[in-house]
Amino acid sequence: MKILVCISQVPDTTTKIAFSDNNTHFSTQGVTFIINPYDEWYALVRALELKESGAATDVHLVTVGKADAEPVIRKALALGGDEAIRIDVDSSDPYLVAAQIAEYAKTGNYDLVLCGKESIDYNNGSVGALLAGFLDMNFIGFATSLQIENGTATVKREIEGGEETDACSLPLVVSCQKGMAEARIPNMRGIMAARTKPLKVVAPADIQALTNIVSYELPPAKTGVKMISPENMDELVELLHTEAKVI
Amino acid sequence: MSIIVLAEHTQGVFKKKTFEAVQYAAAIAEKLGTTVTAVAVGSVADNELQTLGQAGAAKVLHVADARLDNLNARAYAKALVTATQKEGAKVIVALHDVTGKAVAPRVSAALKAGLVAGAVSYPDTANGFVIKKTVFSGKAFAYVNITSDVKVVTLMPNTFQVKKGEGTVAVEKLDVAFEDKDFGIQVKEVNKVTGAVPLSEAELVVSGGRGMKGPENWYVLEDLAKELGAALACSRPVADAHWRPHHEHVGQTGGTIRPNLYIAVGISGAIQHLAGVNGSKTIVVINKDPEAPFFKAADYGVLGDAMEVVPRLTEAVKKFKEAHS
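Residues numbered from 1 in each chain as written. Chains lettered and ligands numbered in written order. Predicted model: local features only at pLDDT ≥ 70, side-chain atom pairs only at ≥ 80, totals over all residues.

A.B. asks: What am I meant to see in the pairing of strand S15 (residues 261-265) of chain B here?
C.D. replies: The side chains of a regular strand alternate, residue by residue, between the two faces of the sheet. All names here are of chain B. Counting buried residues in S15 gives five out of five residues, a clear majority hidden from the surface. Residue alternation in S15 divides its side chains into two sets, Leu261, Ile263 and Val265 and Tyr262 and Ala264, and both sets are buried. Direction of pairing for S15 relative to strand S16 (residues 282-287): parallel, over a ladder of five bridges. Bridging from a neighbouring strand, alanine 264 pairs with valine 285 of S16. Taking the sense of rotation as the criterion, the β-α-β connection linking S15, helix H7 (residues 271-277) and S16 turns out right-handed. (Buried ≥ 20, exposed ≤ 12 C-beta atoms within 10 Å, placed from the backbone. Helix = DSSP H or I, 4+ residues; strand = E, 2+ residues; numbered from the N terminus. Pairing = 2+ DSSP bridges. Right-handed = clockwise from strand over helix to strand, strands pointing away.)

In structure tokens, the structure reads:
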């Protein structure tokens, strides 16, 4: 079984977001980039576990980005995986990103494609479902557990107000979230090995972006907190009713 | 040309957020000089389908196929694509929830339609089709222009007030050319949390952090939540320590919520936590540390010990309810 894991690079979760050029660009100055936590902790680690248990033969990593995405994909390789592919184009458009990955995935005969439930930068949460559409595969989103036996996946996933257990034969696209696996820390052996693992750079397919970001905006700052005496919770309830109008 | 909207239901009943999505589609339709066609899939009674007219649907297409009672991204997307082609629609609307996130991208892939996922505004059509959405997990907004002819938008639930009007609507059956491969996923087991308000849909949320000291103290938050009719949430350290289940975790790597009222108890307010909750309309912070950064992001603050303040607040809510009932 061959697994393809989609990896996205995102700003570290502690990043203070700022914009430049009249709020048209995300300012990367002083920003540390990390592997998107959902891709790393859940999709990648689960893929590695499947390989370690003998269920998977190959784990390939793919990312869409320019050369500045390479340190992050190397970091992912340090956790594990046999090879990485970087598709050499930068875009915030989910259609373009997924279509590029799909073009590559078609050449690799993957049985299972894993991604995080969303990236923590653009929060579209759409690449997995788009990929499944492009590849004409089934898609199970928001998975919290994934087992593979005899070419059939058993997946637990979040649904509206609960949880569902599904069975589906491969090939399959799964988007992963908390519960899927436990986060790992790369060890020195992994870091050394990652240096010599193949990292292929692939030219992008001729696909146009269907959206573009016109500008950014920071949320309005709160006007200041109104402190209420801990002895006077009646006042707080009254304010929530008359001023905030939320109860 | 009309606008297509996916009308999600739970066991045959439409939720508030479905009416919000239909109303949102209706506002876009008015802007573009057209009407809304709602698409419902699975088992729903005709009189329930007709209620979509109250939110502005001009027509309902019903795919009355019981195989669609459970979420099936492939089959739902096919139903939407069929409806879009039948109506010659240029805009497809769904909700930015578990269902919409699985279905809308597939429609985007099938129709080569640009996608904005998690819209928090109506489109500005003065210069293209520009929609505001949250990015960086709520730390900022982006204005995204869709440049393709056909457009797909998922709306963040609880963005707009639902104002239902009068009116029923004509229901038509929609035939979709399903194939066996559209039903490749077999549902083995469904576990629904009954009774409790799902966190993603809750208008009022009571949330606890490490400052609660331990799971044994959660009863004060449970009492408050029960009195308010609120859902419970927690911060990441609480979920990581297994004091509370993971699905209650809100923040950058947990759920993002936008309730009307978020009461944070014993949560310091790390930037990752704020990212998941700063879309809340009103934030109340209860903390005994005057330096807690969360106070800066709050509308109302109470400096005090949770175990003393929260029961008092619960009592105050009870008194308020008795006075207003």
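After that view, the rundown keeps rolling.
A.B. asks: Sorry, what's going on with helix H8 (residues 306-323) of chain B here?
C.D. replies: Residues three or four positions apart in an α-helix share a direction because the helix packs 3.6 residues into each turn. Look at H8(B): 25 Å from first C-alpha to last across 18 residues, which is about the 26 Å you get at 1.5 Å a residue. Regarding H8(B), the residues found buried are Ala306(B), Val309(B), Val310(B), Leu313(B), Thr314(B), Ala316(B) and Val317(B). Buried residues in H8(B), looked at end-on, bunch into an arc of 165°, giving them a common side. Of the exposed residues in H8(B), those oriented more than 90 degrees away from the buried face are Glu322(B) and Ala323(B). Close packing links the buried residues of H8(B) with helix H6 (233-242) of chain A together with helix H5 (219-228), S15, S16 and strand S17 (300-303) of chain B. (Expected span 1.5 Å × (residues − 1). Arc of directions from axis to C-beta. Contact = placed C-beta atoms within 7 Å.)

A.B. asks: Which parts of the structure should I look at to understand the sheet that holds strand S1 (residues 2-6) of chain A?
C.D. replies: The pairing of strands in a sheet happens through backbone hydrogen bonds and is either parallel or antiparallel. The ten strands are arranged S13(A)-S7(A)-S6(A)-S1(A)-S8(A)-S12(A)-S9(A)-S10(A)-S11(A)-S12(B) in an open sheet whose pairing can be described as mixed. Each end of this open sheet is capped by a strand with a single partner; those strands are strand S13 (199-202) of chain A together with strand S12 (185-192) of chain B. When the angles between neighbouring strand axes are averaged without regard to direction, this sheet yields 30°. Here strand S8 (residues 112-116) of chain A runs beside strand S12 (residues 172-176) of chain A; their pairing, made up of five bridges, is parallel. Counted as the bridge partner of Val113(A) is Val173(A) from S12(A). Strands in contact with helix H4 (residues 127-135) of chain A are S1, S8, strand S9 (138-149) and S12 of chain A; relative to S9(A), the strand with the most contacts, it is inclined by about 80°. (Axes fitted to C-alpha atoms, helices over the stretch in contact; angles between N-to-C directions.)

A.B. asks: Just to check I follow, could you spell out the pairing of strand S7 (residues 114-119) of chain B for this structure?
C.D. replies: Residue and element names in this part refer to chain B. In terms of burial, S7 is a largely internal element, six of the six residues being buried. Sheet topology places S7 next to strand S10 (residues 151-155); five bridges connect them, and they run parallel. The partner of leucine 115 across the bridge, within S10, is valine 152.

A.B. asks: In this structure, what is going on with the packing of helix H2 (residues 70-79) of chain A against helix H5 (residues 188-196) of chain A? I would like to understand it.
C.D. replies: If you want to describe how two helices pack, look at the angle between their axes and the distance between the axes. All names here are of chain A. At a closest axis distance of 7 Å, the pairing of H2 and H5 adopts a crossing angle of 125°. Of the possible angle classes, the one that applies to H2 and H5 is oblique. Classified by chirality, the crossing of H5 by H2 is right-handed. Here Arg74, Leu77, Ala78 and Leu79 of H2 come into contact with H5, specifically with Gly190, Ile191 and Ala194. (Parallel < 35°, antiparallel > 145°, perpendicular 65-115°, else oblique. Left-handed = near helix turned anticlockwise from the far one by under 90°.)

A.B. asks: Whenever I open this one, the interface of chain B and chain A confuses me. Can you help?
C.D. replies: How large an interface is tends to be reported as the accessible area lost when its parts come together. At the junction of the two partners, chain B supplies 76 residues and chain A supplies 63 residues. The biggest single contributor to the side of chain B that touches chain A is helix H4 (residues 98-111) of chain B, with nine residues. In the side of chain B that touches chain A, the residues fall into 40 nonpolar, 22 polar and 14 charged. For strand S11 (residues 162-169) of chain A and S12(B), the ladder comprises seven bridges, and the chain directions are antiparallel. Of the residues in S12(B), the one forming a bridge with Gly162(A) is Lys192(B). (Nonpolar A, V, L, I, M, F, W, Y, C, P; charged D, E, K, R; others polar.)

A.B. asks: Help me understand the environment of Leu170(A) in this model?
C.D. replies: All names here are of chain A. Looking at the secondary structure, you find leucine 170 in the loop between S11 and S12. On a C-alpha basis, the gap between leucine 170 and valine 113 in space is 9.9 Å, while along the polypeptide they are 57 residues apart. When near neighbours in sequence (up to four residues on either side) are disregarded, leucine 170 contacts Asp111, Leu112, Gly151 and Ala153.

A.B. asks: Please clarify how the sheet that holds strand S13 (residues 204-208) of chain B should be interpreted in this entry.
C.D. replies: Strand order in the open sheet formed by six strands is S15(A)-S17(B)-S16(B)-S15(B)-S13(B)-S14(B), with parallel pairing between adjacent strands. Among the strands making up the open sheet, the edge pair consists of strand S15 (226-228) of chain A together with strand S14 (231-234) of chain B. Here the average twist between neighbouring strands, direction ignored, is 20°. Of the pairings in the sheet, the one linking S16(B) to S17(B) comprises four bridges and is parallel in character. Looking across to S17(B), one finds that Val284(B) is bridged to Tyr300(B). The sheet strands contacting H5(B) are S13, S14 and S15 of chain B, and the helix crosses S13(B) at an angle near 175°. Together, S15, S16 and S17 of chain B form the strand contacts of H8(B), whose direction differs from that of S16(B) by roughly 135°.

A.B. asks: Whenever I open this one, the domain arrangement of chain B confuses me. Can you help?
C.D. replies: Residues and elements named next belong to chain B. When its domains are assigned, chain B resolves into domain 1 (3-183) and domain 2 (199-323). Taking the mean C-alpha position of each, domain 1 and domain 2 sit 32 Å from one another. Facing the nine residues of domain 1 at the interface are ten residues of domain 2. Residues of the side of domain 1 that touches domain 2, tallied by class, amount to two nonpolar, four polar and three charged. (Domains from an automatic or database assignment.)

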